[in-house]
Amino acid sequence: MRDIRRSGRRDSTRGERKYGLFQVISPSRSAKTGLPLWLLGLGVDRLRTDMSRLLALLFHQGVLDEQFLQLQQLQDESCPNFVSEVINIYFHESEKLLRNLRGLLSDREFSDYKKMGIHLNQFMGSSSSIGAKRVRNVCVAFRAASEQNNRAGCLRALELLEHEYCYLKNKLHEFFQIEQQRVLAAGVRYPIQN
Amino acid sequence: MARNGVISRRIRSDKIEGFEISAMDSQKEVHVLAVDDSLVDRKVIERLLKISSCKVTAVDSGRRALQFLGIDEEKKTVGFDGLKVDLIITDYCMPGMTGYELLKKIKESSALREIPVVIMSSENILTRIDRCLEEGAEDFIVKPVKLSDVKRLRDYMKREDKNHSENRGGTVNKRKLRETSDPSLSTYPSSISSSSSSSPSSSSSSVELDSPTRRLKMTNTDL
């Protein structure tokens, strides 16, 4: 393991660069960064493993399916943030849909199941487009309840949907966080290697 | 049919003023019009197409698609088709005008009917698929759309190009054809026939007469 403090150039041309939460300091100073030392330049592989492990878990749980991998394939140097951009749009839209669904069902005299069906179709479509398998499946069940004008069933389905969506969002946030750390850690490597 | 339409269209384009006819150059890249009301899906399809070397215009409704293509329901005029769309890919379920209705409108338009239309849907409903194909859709993709789907579409167009340049005979289409014959055209042989009579020459071996999933006969190089 290299001692980061000793490697690299002594001049402070690198200076300090801020990356949001993380701060990278030139190697000549004692490393005081948002990332633990072992992550700087050395932990890229570890992070990559973490990302794979998280993804594998999500696949195993059926939370994500291969469409998510397809999205990753669409990301490259010319479009390096594609996945997170699309997912963020998905989050934004999904939360709006969930609010609408919640709003519809809070009305005791609710009867517009057709409208509910439209929201659900939208939610199903976007979920399937990003590979959110479990969320999509709950939407399918939800839609079935709505087609039967089953208000109680819809309420139950909505609870489950909110739960699944929350879980998905948390896990994806975690995934993007690790990815961001990996990018940073990989970036730090370069100056050190000279 | 397609060739007639394509030729007539080319003439129209030539005659429109201020219009760039560097058609041959600009046609190296396929221009796709994507129609989907879902922003997530638009982003994905846009990226899928771009990564497959297509130019993309994405709109959120059938109405906007028609406006882009130059037919507005209110105006009922055919605008110049200089925007040169080579393929239209549209979602089926959309508020307002569905993909199916958009397909019909496109096929009803003499200016646009040769543009291949592909329908996307999250539902794999056979009657829906059949209906779309009957109406003249080139293909039907079940969502979520993948790279392999887009690649297949591109292959369609490449194949049709190749076919078309080799295939100088008349072509057949179930649809009623628009009559055109322009003596000033020297690029194509004068064996172009108008009307819906079938006039297969020996080289049109790829033409299927009765199948709803007929192969596309147009070429995008003429657009």
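Every residue gets a number counted from 1 within its own chain, in the order that chain's sequence is written. Ligands are numbered from 1 and chains lettered from A, in the order in which they are written. pLDDT decides what is reported in this predicted model: residues at 70 or higher carry local features, side-chain atom pairs at 80 or more are listed and counted, and totals for whole chains, interfaces and linings draw on all residues regardless. In computing side-chain values, all of the structure's heavy atoms are included and hydrogens and water are not.

J.: Just give me the short version of the overall build of chain A, but keep the residues and values in it.
T.: For chain A, the count of helices and strands is six helices and two strands. Moving toward the C terminus, one meets the helices and strands of chain A in the order β-β-α-α-α-α-α-α. By the burial criterion, 44% of the 194 residues in chain A qualify as buried. Contacts between residues were defined by any pair of non-hydrogen atoms, one from each residue, lying within 4.5 Å. For chain A, the share of sequence-separated contacts (at least 6 apart) that also reach a separation of at least 24 residues comes to 63%. Strands are runs of DSSP state E lasting at least two residues, helices are runs of H or I lasting at least four, and both sets are numbered from the N terminus onward. Each residue is placed in one exposure class: buried if its accessible area under a 1.4 Å probe, protein chains only, is under 20% of its type's maximum, exposed if it is over 50%, and partly exposed if it falls in between.

J.: Residue-level account of helix H2 (residues 66–73) of chain A, with values.
T.: Residue and element names in this part refer to chain A. If you check which residues of H2 are buried, you get Gln 67, Phe 68, Gln 70 and Leu 71. Within H2, the buried residues cover an arc of 155° as seen down the axis, which keeps them to one side. Across H2 from its buried face, at more than 90 degrees, point the exposed residues Glu 66 and Gln 73. Polar contact is defined as a pair of N or O atoms within 3.5 Å, subject to the rule that within protein one atom must be able to donate a hydrogen and the other to accept it, and that residues adjacent in sequence are counted only when both atoms are side-chain atoms. Where H2 begins, the capping side chain belongs to Asp 65, and its oxygen is found 2.9 Å from the backbone nitrogen of Gln 67. The arc in question is the one traced by the directions running from the helix axis out to the C-beta atoms.

J.: Give a description of the interface of chain B and chain A that names residues and reports values.
T.: With 16 residues of chain B at the interface, the matching set in chain A holds 21 residues. Note on chain B versus chain A: buried area summed over both sides is about 1500 Å², and carbon and sulfur give 60% of it. For salt bridges, the criterion is a side-chain nitrogen of Lys or Arg within 4 Å of an Asp or Glu carboxyl oxygen. Counting every contact that joins chain B to chain A gives two salt bridges. Across the salt bridge formed by Glu 123 of chain B and Arg 143 of chain A, the nearest N and O atoms sit 2.9 Å from each other. Accessible area, probed at 1.4 Å, shrinks when two parts are joined; the buried area is that loss added up over both.

J.: Go over the UniProt feature "modified residue: 4-aspartylphosphate" (unreviewed entry) in chain B with me, naming the residues and quoting the values.
T.: Residues and elements named next belong to chain B. Sequence positions flagged by UniProt for "modified residue: 4-aspartylphosphate" (unreviewed entry) are, in local numbering, Asp 91. Tracing the chain through its elements places Asp 91 in strand S3 (residues 87–91). Judged by its relative accessible area of 6%, Asp 91 falls in the buried class. If we ignore the near neighbours within four places in the chain, the residues touching Asp 91 are Val 35, Asp 36, Asp 37, Gly 99, Met 120, Ser 121 and Lys 143. UniProt positions are given in the numbering used here, feature names are shortened, and annotations may be inferred rather than shown by experiment.

J.: Any chance you could break down the packing of aromatic side chains for me, citing the residues and the numbers?
T.: Residue and element names in this part refer to chain A. Classification of ring pairs uses Phe, Tyr and Trp, with its six-membered ring standing for Trp, and accepts pairs whose centres are within 6.5 Å; under 30 degrees between planes counts as stacked, over 60 as edge-to-face, and the remaining range as tilted. Summed over the entire model, instances satisfying the criterion amount to eight aromatic pairs over all chains. Here the aromatic rings of Tyr 90 and Phe 91 are separated by 6.2 Å at their centres, their planes lie at 50°, and the arrangement is tilted. Their ring planes at 70° and their centres at 5.6 Å tell us that Phe 175 and Phe 176 sit as a pair that is edge-to-face. The two residues Phe 175 and Phe 176 agree in class, both being buried. Grouping aromatic residues by their ring pairs yields a cluster made of Tyr 90, Phe 91, Phe 123 and Tyr 165. In this scheme, Lys NZ or Arg CZ marks a charge over a ring once it lies within 6 Å of the ring centre and within 35 degrees of the ring normal. Sitting over the face of the ring of Phe 91, Lys 169 holds its NZ or CZ atom 5.4 Å from the ring centroid.

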